[in-house]
Amino acid sequence: MTGKEEKNKVKQCPLCGGAMDDGITTLPFLIVEKVVVIRNVPAEICADCGEAYMKSHVVGEIERLLDRLEELHSEVSIIYYKAA
Ligand SMILES: [Zn+2]
């Protein structure tokens, strides 16, 4: 072992310590007076408590999506996440 990161190590849920699985989730965002629901978001989901965590590259994509939605004057938006 010479400091090589193990890639297949099971991640643990920060809330309950359960095993995290790759999955797809739906995330609601509340921005000022708007509600944005983003579907089809790749995430790691806890098998025990069901908490979903966005992957770091997804967070950036979602910030960009939300920025674009600023220009829309729709109070409720449901959009599908698509990887760039
Ligand atoms: Zn959990």
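Everything that follows concerns the structure shown earlier in this document.
Residues numbered from 1 in each chain as written. Predicted model: local features only at pLDDT ≥ 70, side-chain atom pairs only at ≥ 80, totals over all residues. Heavy atoms only, no water.

### A short note on the pattern of salt bridges
Here is step 1: Scanning the model with the defined rule gives three salt bridges in all.
Here is step 2: Residues Lys 55 and Asp 22 are paired through a salt bridge, measuring 3.3 Å at the closest nitrogen-oxygen approach. One end of the pair, Lys 55, is in the loop between strand S3 (52-54) and helix H1 (56-69); the other, Asp 22, is in strand S1 (residues 20-31), and 33 residues separate them in sequence. (Salt bridge = Lys/Arg side-chain N within 4 Å of Asp/Glu carboxyl O. Helix = DSSP H or I, 4+ residues; strand = E, 2+ residues; numbered from the N terminus.)

### A short note on H1
Here is step 1: Between its first and last C-alpha, H1 extends 20 Å over 14 residues, near the 20 Å set by a 1.5 Å rise per residue.
Here is step 2: Inspection of H1 places Val 58, Glu 61, Ile 62, Leu 65, Leu 66 and Leu 69 among the buried residues, and these make up the whole buried set. The buried side chains of H1 occupy one side of the element, clustering within an arc of 140 degrees when seen end-on. Facing away from the buried side of H1 by over 90 degrees, the exposed positions are Ser 56, His 57 and Asp 67.
Here is step 3: At its buried positions, H1 is contacted by S1, strand S2 (34-46), S3 and strand S4 (76-80). (Expected span 1.5 Å × (residues − 1). Buried < 20%, exposed > 50% of the residue type's maximum accessible area, 1.4 Å probe, protein only. Arc of directions from axis to C-beta. Contact = heavy atoms within 4.5 Å.)

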